[in-house]
Amino acid sequence: MAAFTAETDLVTGWCLFGLALLVILIFCWVYVRKYQSRRESEVISTITAIFALAIALITSALLPVDIFLVSYVKNQNGTFKAWADPNVTRQIEDTVLYAYYTLYSIILFCVFLWIPFVYFYYEEKDEDDANTCSQVKIAVKYTLGFLLVCSALLLIGAFVPLNIPNQKNTTEWEKVKLLFEELGSSHGLAALSFSISSLTLIGMVAAVTYTAYGMSALPLNLIKGTRNASYERLENTEDIEEVEQSIQRIKSKCKDGRPLPTRDRRTLQQLEDKLRALRRRGRRLEYIEKSCWTRFCGAMRPLKIVWGVFFILVALLFVISLFLSNLDKALHSAGIDTGFIILGTNLTNPLNMLLPVLQTVFPLDYILITTIIMYFIFTSMAGIRNMGIWFFWIRLYKIRRGRTRPQALLFLCMILLLIVLHTSYMIYSLAPQYVMYGSQKYQSLSNMTVDGHLTNVTTWVPKVCDADAPANECTVTRTYLFLHQFWFFSAAYYFGNWAFIAVFLIGLIVSCCKGKKSVIEGEVDEDDSDISDDEPSLYYG
């Protein structure tokens, strides 16, 4: 009967996984098609973007699956389920570990080979005298540079020493070393972990830049809404009339045949460019004003406000928990030499308080973790969409509905892949014990209390798994195995969390001070040179 139940649960789990995979693929297809340029869309870049985005979402979903599986083998009283013998438990651990191997290897393949090749291929396609053969040669040449970087990371990870000199022989550090010994570290695992940790470090920078801003801007934009299209069109018409009058005043200076001064010619050129942009804007506003989608969005305005309030509450829960967790590490960890790792919780935070309560009602805790991860991903998308893609102070590409170039979509998906890698550490920072052990409990001997007095009678009582639990009673998630192979990455992530909090607060203040966005925010700009004036955008909101 127990075996039948386990097999049924396994079949159900695979069915749910297949359904989730189908939903992810449909979402990725809709998202990429929504933003890609109708005039410059390419089959290979579209498939690459959809695949990379799907891998990012699937990898982000692996964390709650990992936590669920280590928790599922045990009952609430701390005993193992009847079918969960050591071989089955080990098989589950290996399955999750192989899933991480596979997904992380695919991410390395995408970041260092596939996406760079497709990106440089289409960069060369923009050249007038380029042919397919020369495009492939140049793309391969640049991609080889990425492969050399990947090879270097794998070699460094395989041979970098993990035994760090211990200057502070603290109990906390001894626990960390013992845990590492239990987990073990083969050269292959260390090489992959080092490469992934290096990419996670870049993902941390992307999360601080885009996710922290998106987490503050997205909810407030939903709450504030956009400006009225009719009022905007009226203002735009007035601006057009004003610019036309300025142009006529300048042209009137040369009615008698005299040439215009250089300064007036330059001003006239600027005004004519501005007039073309205003007329383009006017056509777009007129289209939106008559659109049924605009009326539908207006009817859904109350729901957007509700979602905005919900998102800002989730963001505050996230940031407050992250602050308290980082403060706990600053006060109680063994220091930078250990990567600020702590195996317990001395300062509790809202998320750590909420998860044990939700664990009592399956599957509320997994729903909360999944919600936070998905929120992290979607706010990252919102941040990239609002800010565009930058290299330091240079904006490379804009992300706009129906008008995004193939190279920009490839950049967007690569950034999301890197941010997803950092997501696991962010969640671990919020709830370290939960990410390590899930809802596992183990049985411990304890003296009975009768009428307020201890007796000599001992009994087994369930305790929540922690660093002091016997190794054969509590299974550590495979996520943790990848997170803490190298102490110096953990130290960098710790400081990155402080930067994330700072950028979030700055973004929150800026978003509060800014007025409502234009209904065609980012759709029409004066510097549009690579997009046709007449190309319609099919999505508004």
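The structure this text deals with has already been given above.
What you see is a predicted model; the values in this text were computed from it and never measured.

According to the stated counting rule, one finds 3 salt bridges in the structure shown. Its salt-bridge partner being R281, residue E232 comes within 2.8 Å of it at the nearest N-O pair. Of this pair, E232 sits in helix α7 (residues 229-251) while R281 sits in helix α8 (residues 262-289), and the two are 49 residues apart along the sequence. The exposure class of R281 is partly exposed, given its relative accessible area of 22%. Taking the shortest distance from any N to any O, the salt bridge between R276 and D273 comes out at 2.2 Å. With a gap of 3 residues between them, R276 and D273 both fall in helix α8, about one helical turn apart.

Now for the side chain of S380. Among the structural elements, S380 can be located in helix α12 (residues 364-387). By relative accessible area, S380 is classed as buried at 0%. Looking at S380, its side chain comes within polar contact range of the main-chain oxygen of F376, at 2.7 Å.

On to the packing of α7 against α8. In contact at an axis separation of 9 Å, α7 and α8 are set at 155° when each is read in the N-to-C sense. Classified by the angle their axes make, α7 and α8 are roughly antiparallel. In the packing of α7 onto α8, the handedness of the crossing is left-handed. Residue composition of the contact of α7 with α8, grouped by class: 11 nonpolar, 5 polar and 12 charged.

As enumerated under the stated definition, the model contains 27 aromatic pairs in all. Judged by centre distance (5.9 Å) and plane angle (50°), the rings of F318 and F500 are tilted. Here F318, found in helix α10 (residues 301-332), pairs with F500, found in helix α16 (residues 487-513); they are 182 residues apart in sequence, far enough to count as distant. The pair F318 / F500 is uniform in exposure class, with both members buried. In textbook terms, an aromatic cluster arises when at least three aromatic residues are bridged by ring pairs, as seen for Y119, F120, Y142, F146 and F411.

Rules behind the numbers
- Residues numbered from 1 in each chain as written.
- Predicted model: local features only at pLDDT ≥ 70, side-chain atom pairs only at ≥ 80, totals over all residues.
- Heavy atoms only, no water.
- Salt bridge = Lys/Arg side-chain N within 4 Å of Asp/Glu carboxyl O.
- Helix = DSSP H or I, 4+ residues; strand = E, 2+ residues; numbered from the N terminus.
- Buried < 20%, exposed > 50% of the residue type's maximum accessible area, 1.4 Å probe, protein only.
- Polar contact = N/O pair within 3.5 Å; in protein donor to acceptor, adjacent residues only side chain to side chain.
- Axes fitted to C-alpha atoms, helices over the stretch in contact; angles between N-to-C directions.
- Parallel < 35°, antiparallel > 145°, perpendicular 65-115°, else oblique.
- Left-handed = near helix turned anticlockwise from the far one by under 90°.
- Nonpolar A, V, L, I, M, F, W, Y, C, P; charged D, E, K, R; others polar.
- Phe/Tyr/Trp six-rings, centres within 6.5 Å; stacked < 30°, edge-to-face > 60°.

Any functional reading would require information beyond the geometric quantities listed.
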